Amino acid sequence: MHTNSPLSPSLSALLAFLAQAIYVTFFFVPRPPQQPRSSKARNDDMTTPDEAGTKVIAQDNASRSSSRDEEMGILTPVENNQLKKSLKNRHLQMIAMGGAIGAGLFIGSGAALSAGGPGSVLICYTLIGIMMLFTCQALAELSVVYPSNGAFFEHCLRFLDPTWGFAIGWGYALTWLIILPFELIAASITIQFWNDTINMGVWVTVFLVVLALIQIFGVRGYGEVECALSVIKIIACTGFIILGIVINTGAVGRQGYLGGEYWSDPGAFRNGFEGFASVFVIASFSFGGTELAGLAAAESENPEKSVPKACKQVFWRISFFYILNLFIMGLILPSDDPRLLGSEGANSKASPFVLAIQDAGIKVLPHIMNGVITIAVISVANSSSFGFTRTVQAMAQVGMAPTCLAKIDKQGRPVRCTIVLLLFALIAYVGLAPNDAGMKLFDWLLAVTGVTYFFIWGSICLAHIRFRKAMEVQGLSLDLVPYKPSGGVWGSWIALIFNGVCLAAAFYVCAKPKPGATAAETAEKFFKGYLAAPVMFVLWLGWKVKTGEWRLQTPLHAIDLKTDAKFRDPVNFEPEEKKPLRKRMLGALF
């Protein structure tokens, strides 16, 4: 009955893409070597602290790395060059910052304001900010002890289950792989704010070439570019806060003094519970990429200090630059403005920041803000290259991706992974097809990545919980852990529950039919928003079938806490001098 639907070609192309991905994953990828060791041998191999809890665990990483086995969730790696440890403290801080400030803030927040009102925006973004604080702190603790290239992918292998680690790794890699061509198109769309006569394919080519040039300089190039772009975004956010206060007081613009008028009319909340749930989901998606600081730990000069510092500052920076911006925006722009209905993708003309400035009658600033949005989109594209290449290289190194992709050149660059990424980015030209045919395909490709972040963030928290529990079961003191977050294991439990709530809210929003929608339209809406969940299940089940290992999780006593661990020496450890409160507050923001 729906054979003539315009979505049919897109669905066919998506199914073909998924079928090819499944074939490459489960049939082309070689089965990882299994070298099982008895539980007794593993326990005998462990060295525990003495009665005072101060004996250092003896480590010989070079001799032990070849003894990883699938049963423990740590597979035999291939010999390779090493990634360069070129990232400094400032790089990691800006990477964490850049992951939180992007098109989700500058454009997507408009859809959130329209869906739920300023009250819902303030509450939901604050709650998600707290969730990300606990998640990033859990990731920081794990990344300091195990600063591996794959970060949370390898943490899932070690502390949860190899199969779930496989699903998380591929889910995360596919997310960045698909986001890159979409962001190239999005950056091209922002250029149309100034000039819509030049074909967008020209700008896609320009941005793709720039991205390829950045890859030549390796991780240092990525870090420096993120530093520069993040500084621009921070200046823009700070400037908008000041400008918003000036507009609200009536010093600029034609509206006069606004105060809290828009919180009364049209009101602080819109569309009831559905509106609140929608904002909750939009807010969650806006924070995608914050976890990149943990992924960069393996290429940091001093992960023991830089990773915790970067992750601890996420909440305060989000509070200042993110939540305060959204609060100001809710004061100077009404949530029932019909122009906000177009706030999605890279439609910078519907950005609430641009609209608020235009309503104030300021002619130059909308162009500056559009330039900031373009930079934010390019920053996401730059991050996608880092997230995909490092994750896939780590998976290939343990046999969960084609082993040819494990290659690292002498400059510490995963060149083959980068080539795959840039070749896939060429699909951006398909998105420029006439009559929106290409963008319909992109809608379904993006659906594959929809709720993946909730699985990733939840897995980080669960891995941290099981790490702490395994330390207790195996009799190891927490004094060996260089960094322990303030929220402890309870923070991870809170964030894990929040991720479950986010999944439930996303399910509700996706499954609830729109007024007057047909059954087919409702089904399409659901799968466009929730397709990532069954994709994750297929990845998990497919690897279970391939390996024949049906155990749901690695037993706590069998978790390998020792291999490649960077435990500290509790005897010779000198605690860092505590800085005055004034310096700590300034350091948290800048």
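- Under the annotation held in an unreviewed UniProt entry, the protein carries the name Amino acid permease/ SLC12A domain-containing protein and is attributed to Podospora bellae-mahoneyi.
- Checking UniProt for the protein, the heading Subcellular location (unreviewed entry) contains the comment "Membrane".

Digging into the pattern of salt bridges
- With the rule as written, the count across this model stands at 8 salt bridges.
- Between Glu 141 and Arg 468 there is a salt bridge, with its nearest N and O atoms 2.8 Å apart. Of this pair, Glu 141 sits in helix α5 (residues 103-145) while Arg 468 sits in helix α18 (residues 452-473); the two residues are 327 residues apart in sequence, bridging distant segments of the chain.
- Looking at Glu 141, the relative accessible area reads 0%, which means it is buried.
- The salt bridge partner of Asp 409 is Arg 413, with a shortest N-O separation of 2.9 Å.
- Residues joined in a network through salt bridges with shared partners are Asp 337, Arg 339 and Asp 359.

As for the environment of Met 395
- Considering the arrangement of structural elements, one finds Met 395 in helix α15 (residues 365-397).
- Separated by 10 residues in sequence, Met 395 and Leu 405 have C-alpha atoms that sit 8.8 Å apart.
- Once residues within four sequence positions are removed from consideration, Met 395 is found in contact with Phe 153, Phe 166, Gly 169, Trp 170, Met 400 and Ala 401.

Notes on unusual backbone geometry
- The omega torsion across Asp 265 and Pro 266 is 15°, close enough to zero to call that bond cis.
- Of note, Pro 266 is situated in helix α10 (residues 261-267).
- Here Asn 271, not a glycine, exhibits a phi torsion of approximately 60°, which is positive.
- On the secondary structure map, Asn 271 appears in the loop between α10 and α11 (272-286).
- Judged by its relative accessible area of 53%, Asn 271 falls in the exposed class.
- Even without glycine at this site, Asp 564 takes up a positive phi of about 65°.

Rules of the game
- Positions within a chain are numbered from 1, following the residues in the order the chain's sequence is written.
- The predicted origin of the model limits local features to residues at a pLDDT of at least 70 and limits the giving and counting of side-chain atom pairs to 80 or more, whereas totals for whole chains, interfaces and linings rest on all residues.
- Values shown for side chains rest on all heavy atoms present in the structure; no hydrogens or waters enter the calculation.
- UniProt positions are given in the numbering used here, feature names are shortened, and annotations may be inferred rather than shown by experiment.
- When a carboxyl oxygen of Asp or Glu lies within 4 Å of a side-chain nitrogen of Lys or Arg, that pair is called a salt bridge.
- Secondary structure follows DSSP: runs of H or I at least 4 residues long count as helices, runs of E at least 2 residues long count as strands, and numbering of each begins at the N terminus.
- Per-residue accessibility, obtained with a 1.4 Å probe over protein chains only, is compared with the maximum for each type, and a residue is labelled buried under 20%, exposed over 50%, and partly exposed between these values.
- Contacts between residues were defined by any pair of non-hydrogen atoms, one from each residue, lying within 4.5 Å.

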